[in-house]
Amino acid sequence: MAEWDRTVDLLVMGSGAAGMGAAVRAHDLGLDVLLVEKSDFYGGNSAMSGGVCWVANNPGMAQEGIPDSDEDGFTYLKHITKGEVPDEMLWLYIRESKRVLAYLHDKTHVRYVPLAKYTDYYPEAPGGRPGGRSMDPVPFDGSKLREDLMRLRRPHPQSQILGKFGITAREAQAAIGVGLKTMLFMAWQMFLYGLRHFKRKRWGRDTKLCAGNSLMGRLLYSLKERNVSAWLDTSVESLVFEGDKVVGAVVNRDGELLRVQAKRGVVLAAGGFSRNLEMRQQYQRHPITTEWTAGTPSNTGDAIRMGRDAGGALGLMDEAWWTPVSLVPKSPFSWVLVVEKSLPHGLFVNQDGERFTNEAAPYIDVVNGMYEDVAKTGATDPRWFHIFDASYRKSSVSGPIAPGKVMPDKQLPRRYRDGNYLYKADSIEALCEQLQVPAEKVKATLARFNENALKGEDPDFNRGWSAQDRYYGDPNVKPNCSLGPIETGPFYAVQIYPGDLGTKGGMLTDAHARVLKEDGQAIRGLYAAGNSTASVMGRTYPGAGGTIGPALTFGFLAAEDAAAHAEATSTQEAAE
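Definitions and cut-offs
Residues numbered from 1 in each chain as written. Predicted model: local features only at pLDDT ≥ 70, side-chain atom pairs only at ≥ 80, totals over all residues. Heavy atoms only, no water. Helix = DSSP H or I, 4+ residues; strand = E, 2+ residues; numbered from the N terminus. Rg over C-alpha atoms; globule rule 2.2 N^0.38 Å. Buried < 20%, exposed > 50% of the residue type's maximum accessible area, 1.4 Å probe, protein only. Contact = heavy atoms within 4.5 Å. Areas by Shrake-Rupley, 256 points an atom, 1.4 Å probe, with all protein chains shown as cover. Lys, Arg positive; Asp, Glu negative; His and termini not counted. Charge placed at Lys NZ, Arg CZ, Asp CG, Glu CD. Patch = residues over 30% accessible without salt bridge, like charges linked within 9 Å, V, L, I, M, F, W, Y side chains within 5 Å. Salt bridge = Lys/Arg side-chain N within 4 Å of Asp/Glu carboxyl O. Expected span 1.5 Å × (residues − 1). Pairing = 2+ DSSP bridges. Phe/Tyr/Trp six-rings, centres within 6.5 Å; stacked < 30°, edge-to-face > 60°. Lys NZ or Arg CZ within 6 Å of the ring centre and 35° of its normal.

What the protein chain contains, in helices and strands, is 17 helices and 23 strands. In terms of C-alpha radius of gyration, the protein chain reaches 24 Å, essentially the compact-globule figure of 25 Å for 576 residues. Here the C-alpha coordinates of the protein chain stretch approximately 85 × 55 × 50 Å along the principal axes. The buried share of the protein chain, reckoned over its 576 residues, is 61%. If you take every contact in the protein chain between residues at least 6 apart in sequence, the share linking residues at least 24 apart comes to 74%. Of the roughly 22800 Å² of accessible surface on the protein chain, 50% is carried by carbon and sulfur atoms. Considering the protein chain, the positive charge centre built from 66 side chains and the negative charge centre built from 69 side chains are found 7 Å apart.

Time to look at the environment of Pro-344. When you line up the elements, Pro-344 lands in the loop between strand S16 (335-336) and strand S17 (346-350). Since its relative accessible area comes to 2%, Pro-344 is described here as buried. Once the C-alpha coordinates of Pro-344 and Gly-484 are considered, the two residues, 140 residues apart in sequence, prove to be 4.5 Å apart. Apart from the residues within four sequence positions on either side, Pro-344 is in contact with Tyr-392, Arg-463, Asp-474, Val-477, Cys-481, Ser-482, Leu-483 and Gly-484.

Our focus in this paragraph is a negative patch on the surface. Together, Glu-3, Asp-5, Asp-40, Asp-233, Asp-254 and Glu-256 make up a region of like negative charge exposed at the surface. The topology assignment puts Asp-40 in the loop between strand S2 (33-36) and helix H2 (44-48).

Another aspect to go through is helix H12 (residues 363-377). Between its first and last C-alpha, H12 extends 21 Å over 15 residues, near the 21 Å set by a 1.5 Å rise per residue. Taken as a whole, H12 has its buried residues at Tyr-363, Ile-364, Val-366, Val-367, Asn-368, Gly-369, Met-370, Tyr-371, Asp-373 and Val-374. Buried residues belonging to H12 abut strand S15 (320-326), S17, strand S18 (384-388) and strand S20 (491-503). The first or second residue beyond H12 is Gly-378, which carries a positive phi of 70 degrees.

In this section: the pattern of salt bridges. Per the stated rule, a full pass over the model turns up 34 salt bridges. Because the salt bridges share partners, they merge into one network encompassing Arg-25, Arg-95, Glu-96, Arg-99 and Glu-560.

Okay, the pairing of strand S5 (residues 134-137) next. Where strand S3 (residues 53-54) and S5 come together, two bridges link them in antiparallel fashion. Across the sheet, residue Trp-54 finds its bridge partner in S5, namely Ser-134. Here three bridges tie strand S4 (residues 112-114) to S5, and the two strands are oriented antiparallel to one another. Considered in S5, the bridge of Tyr-112 is made with Pro-137.

Let us look at the packing of aromatic side chains. Within this structure, the stated rule accounts for 20 aromatic pairs. Aromatic side chains Phe-140 and Tyr-221 sit 5.8 Å apart centroid to centroid with 45 degrees between the ring planes, which places their arrangement in the tilted category. Placement of Phe-140 in strand S6 (residues 140-141) and of Tyr-221 in helix H9 (residues 211-225) is noted, with a sequence separation of 81 residues between them. Look at Phe-140 and you get buried, because its relative accessible area is 4%. Looking at Tyr-221, the relative accessible area reads 18%, which means it is buried. In textbook terms, an aromatic cluster arises when at least three aromatic residues are bridged by ring pairs, as seen for Tyr-121, Trp-321, Tyr-363 and Tyr-541. Over the aromatic face of Trp-231 sits the side chain of Arg-253, whose NZ or CZ is 3.9 Å from the ring centroid. One Lys or Arg, Lys-504, reaches over the ring of Trp-321 and ends 3.9 Å from the middle of that ring.

Here it is in structure tokens:
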């Protein structure tokens, strides 16, 4: 056999939460670790995300006075996953996620605080909670990373206030609207931004890291302190086997092929396949494209294909962390409709001018509603629109467009106007002509919606019934903060699409994050975590952080199993 160019204990493919989490834990267990990232930035999808971590019965909940229990956490997950995920895997996550969170707080720079008012996505379900299980990363001073700050993948432009700085999930709710409280908050944030001028000048970007950038900045800093080897611009080309065991990989580092021996295994944690058109067309519902994802460009399914070719079984390949999105001109990423869909004085219609779902529902359900709409109508060119009126435009955001009070129509950049992004007309009839949807259908839809909205009701889709629907609502609108009539011209619309934050299907794994074959047997030496795997959350989304929590947890479990086998091997060798 050819010689090895580098020998380590554990090779980790991918630098998102799963990969860095695995690398940290493996190092602390005494393993020599090499982490490789094919792009020129650390952080993967996790760096562009909200960075929130969903952990039931976490210690922070007790501090906030929010009662919870492992039993309720399991009941909740069991209910929303509809029996499609084995009980033992749900219990595993409930138990191990708390342990991983505690370890990160004690041994690394990762810090989380509970979001006391950020509800589970199904808070009224058995075992659900009105807040606390979703945890927000504490902001991090990126200057501690020094030159590596510029090697950390930047946050999604949508998360940057005025394109300049980020805020926490807790602060995001306070930043909605144009009231005095919001204005004072923004003024304070701009003042703090000004104080960071010299740090920005020195390090090339704002140094206050929030959300996913905070999480990944803290993990990267923890890796740097441990002197863990991490190579950028390094792709894994193939796995190397000895018999039926993975013993290493061939990597391409800056154009040079290197054989890396991984004595204790390889962890595949390179994200999903949201940017791989061929795979999306093959596995997922239509219409589908790579243009509607908010995920990083490097999510091309490399790890999943590698695991499949090694004999690994796949699951949930038709699924994603779905969210409705809009396409902003000159932006490489779609913009996620998290806030907009819950605000009053707006609704979604299809190409026939009819509502099709509860707009304020968890974003995964909204996109499922879009695909169910396609199945129902049989549309060959399905289209959907967010329609809203002047009341909405005056006080609410729409993608990159700030409320009209601070960004009037006449000040909008040309790339957003005249149907390039935002449609506008003085009447519903004129707006429908631009959208090419039947005006009479839209008028009838609005008439029914408005009549019920005035009463705070939605008998068609129950919008605003759940506390989740109301989280981003307007508290000034009564009796239902998520419902308001659409009656004041001019009228507006933005086209929306069935997008995603990343795919959630991939390799099937066991309780030790080992990749499984079709017969249920583990492939020796091969582990996987994060969006490279079929999610433990099944086809649902428990709450904000339902992606990051499992990524960190199963990254840890992979490292611990590799270390356990290393210890067992060392003991056996010593005995011999």
